[in-house]
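Here is what each chain is made of, one letter per residue.
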Amino acid sequence: MIEGKKRGAWGIAEPILRNLGLTLFAMFALFPLVWMVLCSFKSDAQMYNTVFAFTPTLENYKAVLVGTDYFKAFFQNLVVAGGAVLVTIIAGVPCAYALARYNFKKKEDVAFQILSFKFAPEILVILPVFLIFQKIGLYDTYFGLIWVYQLITMPLVIWVVRGYFEDISVEVEQAAQLDGYAWYEIFFKTLIPLIKPCLVSSALLAFIFAWNSFTFPLILSGFKIQTITITALRYIASDTVHYGQVAVASTIAVLPEVVVALFIQNMYGSRRQQSSAASRMKCL
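First things first, this report covers the structure right here in the doc. (Residues numbered from 1 in each chain as written. Predicted model: local features only at pLDDT ≥ 70, side-chain atom pairs only at ≥ 80, totals over all residues. Heavy atoms only, no water.)

In this section: the overall build of the chain. The number of helices and strands found in the chain is 13 helices and zero strands. From first element to last, N terminus to C terminus, the chain shows the α and β order α-α-α-α-α-α-α-α-α-α-α-α-α. In the chain, which comprises 284 residues, the share counted as buried stands at 37%. Element-wise, carbon and sulfur atoms account for 70% of the exposed surface of the chain, whose accessible area totals about 17800 Å². (Helix = DSSP H or I, 4+ residues; strand = E, 2+ residues; numbered from the N terminus. Buried < 20%, exposed > 50% of the residue type's maximum accessible area, 1.4 Å probe, protein only. Areas by Shrake-Rupley, 256 points an atom, 1.4 Å probe, with all protein chains shown as cover.)

In structure tokens, the structure reads:
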């Protein structure tokens, strides 16, 4: 009886405590975003002497969106990050397939070398890249930034997609060959649909990393191309920092990342529901 009562009490308290813990964690994780949005509606005079009770103003949004070319920087950042991910998908997916399927000398060394580019500090390569770009005319160009962004996006996509290719049985390709498919038909019609969830999620994750890049555009871009991470520096004056304008620029800059994160969550959530429904059908 006593054990039954304890189990019953724990059964009631467990979901309450779990939901309370998840709520506290969500508040902790979302508080910086909420605070950033609140600061975007504060004037410089209210920034230090108010917390939640203040008189909201749209002057910061007017100064950033109307008084500067922020939307131009937003578009340029979208072109550079999107172009970098597109090049990564075109070149990285075949590379990941080769590392997963073919055996050649020092294959793992090559794979680790590719991965090391992701962990290497950007400041380590920025100076020689800067000198090379100036000599070959790639400084302050879309192509130059998209090219150097491969150090950020390519290793991520290659290693994630490689794992998915390795999980696909070789018999799938052999069966397609017996059916008379050419190698490119097997790759595009059979393998790519199987790795589509991984491909989309890794591409979106690579887009987030490219979108947030700061060091490369800071050194390798000038007046023609400026990403939003560099444009935010305009609101830091020599004698003061316009925190409200910085908050506006950061709030708008984080919107694509929030949309991407929600898309990834929705995609994986729907796939989990489909897999659980399929497993229940098999049980029936």
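This part is about the packing of aromatic side chains. Evaluation of the coordinates by the stated rule reveals 13 aromatic pairs. When the centroid spacing of 6.1 Å and the interplanar angle of 45° are considered together, the rings of phenylalanine 143 and tryptophan 147 count as tilted. Of this pair, phenylalanine 143 and tryptophan 147 both sit in helix H6 (residues 142-148), four residues apart, which is roughly one turn of the helix. Residue phenylalanine 143 is classed as exposed on the basis of its relative accessible area, which comes to 56%. Taken together, the ring pairs connect Tyr97, Tyr102, Phe165, Phe187 and Phe188 into an aromatic cluster. Just above the ring of tryptophan 159 sits the side chain of arginine 162; from NZ or CZ to the centre is 5.5 Å. (Phe/Tyr/Trp six-rings, centres within 6.5 Å; stacked < 30°, edge-to-face > 60°. Lys NZ or Arg CZ within 6 Å of the ring centre and 35° of its normal.)

The next point concerns the pattern of salt bridges. Opposite charge on two side chains permits pairing when their charged atoms draw close. Per the counting criterion, the structure on display carries five salt bridges. The partner of glutamate 173 in a salt bridge is arginine 101, and the shortest N-O contact between them spans 2.5 Å. Linking glutamate 173 in helix H8 (residues 170-178) with arginine 101 in helix H3 (residues 70-101), this pair joins segments that are 72 residues apart in sequence. On the accessibility criterion, glutamate 173 (9% relative accessible area) is buried. (Salt bridge = Lys/Arg side-chain N within 4 Å of Asp/Glu carboxyl O.)

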